[in-house]
Amino acid sequence: MFISNKLIILRNYSTHPKRRVVVTGLGVISALGKTVDSAWKFVLDGKSATKNLPDNEYYAKLPCKVAAPIDSNVIEEIRSNFSKTELKTMSPATIYAMNAVKEAFESANWKPTNPLEKERTGVAVGMGMVDLDDVCETSENLKKSYNKISPFFVPRILLNMAAGQISISYKLQGPNHAVSTACATGLHAIGDAFRFIQHNDADAMVCGSTEASINPLSIAGFSRLRALSTSFNDRPHEASRPFDKKRDGFVMGEGAAIFILEELQHALDRNATIYGEILGYGLSGDGSHLTAPSEDGLGARLAMQRALKNANLSPADISYVNAHATSTPLGDSIEARAIQSIFGGNKDLAISSTKGSHGHLLGAAGTLECLFTLLACRDGLLPPTINMNEPEDEFKHVNFVANKSQKWPENGKKRIAVKNSFGFGGTNVSLIVSEYVN
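Note that the structure is predicted; figures quoted are calculated from it, not measured.

J.: Help me understand the nonpolar core, please; the structure alone is not making it clear to me.
T.: Grouped burial of nonpolar side chains is what soluble globular proteins tend to show. Of all hydrophobic cores here, the largest spans 69 residues; its most connected members are Leu26, Ile190, Phe259 and Leu261. A per-element tally of this core places helix α16 (residues 365-379) first, with nine residues. Those residues in contact with Ile190 that sit more than four places away from it in its chain are Cys207, Phe259, Leu261, Ile278, Thr367, Cys370 and Leu431. Listed in part, the 33 residues of the second largest apolar core include Ala100, Met127, Val206 and Ile260.

J.: In this structure, what is going on with the sheet that holds strand β9 (residues 320-322)? I would like to understand it.
T.: To summarise the sheet geometry, strands pair through backbone hydrogen bonds and adopt either a parallel or an antiparallel arrangement. Ordered in space as β5-β4-β6-β7-β1-β8-β14-β13-β9-β10, the 10 strands form an open sheet in which the pairing is mixed. Edge positions in the sheet fall to β5 (176-177) and β10 (350-352), since each of these pairs with one other strand and no more. Along the sheet face, helix α9 (residues 161-170) touches β4 (121-126), β5 and β6 (204-211) and points at about 155 degrees away from the line of β4.

J.: Explanation requested: the packing of helix α2 (residues 36-44) against α16 in the structure shown.
T.: Between two packed helices, what matters for the description is the angle formed by their axes and the separation of those axes. Interaxial distance between α2 and α16 falls to 11 Å at its minimum, and their mutual angle equals 80 degrees. If you check the angle between α2 and α16, you find them roughly perpendicular. Counting all contacts with α2, which are made through Val36, Ala39, Trp40 and Val43, the residues of α16 involved are Leu371, Phe372, Leu375, Ala376 and Asp379. Tallied by class, residues from the contact of α2 with α16 come to eight nonpolar, no polar and one charged.

J.: I would appreciate a short explanation of the pattern of salt bridges in the present structure.
T.: Pairing between side chains of opposite charge can happen when the charged atoms of each approach one another. This structure, assessed with the given rule, holds 22 salt bridges. Residues Arg247 and Asp332 are paired through a salt bridge, measuring 3.6 Å at the closest nitrogen-oxygen approach. Taken as a pair, Arg247 in the loop between α11 (216-224) and β7 (255-263) and Asp332 in helix α14 (residues 329-343) lie far apart in primary sequence, 85 residues in all. Given the relative accessible area of 6%, Arg247 is considered buried. Between Glu262 and Arg270 there is a salt bridge whose closest N-O contact spans 2.5 Å. On the accessibility criterion, Glu262 (0% relative accessible area) is buried. Put simply, Lys245, Glu390, Asp393 and Lys396 are held in one network by salt bridges that share partners.

J.: I'm lost on the pairing of β6 in this one. Help?
T.: Strand residues, when the strand is regular, have side chains that alternate between the two faces of the sheet. Taken across its eight residues, β6 has eight buried, putting it largely inside the fold. Residues Ala204, Val206, Gly208 and Thr210 point to one face of β6 and Met205, Cys207, Ser209 and Glu211 to the other, with burial holding for every one of them. Judged from the six bridges that link them, β4 and β6 form a sheet pairing that is parallel. Opposite Gly126, over in β6, you have Ser209 as the bridge partner.

Scoring rules and cut-offs
Residues numbered from 1 in each chain as written. Predicted model: local features only at pLDDT ≥ 70, side-chain atom pairs only at ≥ 80, totals over all residues. Heavy atoms only, no water. Core = buried A, V, L, I, M, F, W, Y, C linked by side-chain atoms within 4.5 Å. Buried < 20%, exposed > 50% of the residue type's maximum accessible area, 1.4 Å probe, protein only. Helix = DSSP H or I, 4+ residues; strand = E, 2+ residues; numbered from the N terminus. Contact = heavy atoms within 4.5 Å. Pairing = 2+ DSSP bridges. Axes fitted to C-alpha atoms, helices over the stretch in contact; angles between N-to-C directions. Parallel < 35°, antiparallel > 145°, perpendicular 65-115°, else oblique. Nonpolar A, V, L, I, M, F, W, Y, C, P; charged D, E, K, R; others polar. Salt bridge = Lys/Arg side-chain N within 4 Å of Asp/Glu carboxyl O.

Honestly, that's just the spatial picture; any functional story needs more than this.
Now the structure itself:
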């Protein structure tokens, strides 16, 4: 009897009417710039932010010589917004997130002020990796003296501290949630926030992800995995080339992207500008390998299928897929086949990856790319896959939006897109977003 009652409770909960969730604020900082508008223009213009790593003793011995870092002047500018005491408590990734949150709230033209708003607003912000520079520096300091260890060392390297700092700074008392699922982190954070609002745990959520992993140890570690590009060290702008035949690995990027999600009526009651809507969320595990995706693409297919089911949509409803495609020989092909297996009957489908412009932001990749996917739905413009000069033979018929942005085809249908992210450990996530139609 106890088990039976428990099942009934779960069944009633799962069929509870779902609340609509919309996006009302966006913020970003990356190699593409420090505002949403500048980053979106950069991507649509088909440019690359990849450059050579510093020519110093740390990077000189590494096989990969390229990355897509935030401009040093921009970093100094955003650091100037914090006191010296605040900077001691925060990792670079947290600083990036705090900067993006500020823009997101400004673009939403709102932030919670009264007690009820603060209680009903939560945070779901994650990162993929701790600050390895901080770990190395602190290890060296310990060799000199115990007293040289900062009391803020542990808080700085905790993966939930970006979410914690945001919650504390804005006095937010809703869900305080952090996600760390490797390169799927950002999309999981948005999806979890989407569900918090759907199930009435919050009316608004600050969500997204942040990453600051361009350092010698990180580049060395990924190089040892043979994951990074090494064939274009003399032509850095060409190094990240998703789906192209000559791709040989990804380019490390960094930055943060933040969304403000709101329950629809909450947004309408304050006459908010709505960027778009979150429609569905699907998750899966490969159950296969530590770093490589399942060769049959099952994990990717399951995530997309579950997102479609969650949104109550069919493959024919989707016009665009923003792929995870990192520019690795194995991963891009597996994802392309998985997409084709589900959407192959949709001849108007477009697929692109913006990583050619900004590199792979690891935990922050999904949020940044979802931001571009959402703007594509809003503006009716498809961001290009740059450096995509020659696809593999089996994909010659696919529209990868090669090198130049395209207009979203006018077919009388609502503009709806799928965004994919996949991470080490075989973790997969797909999110479905659309233009907002009342």
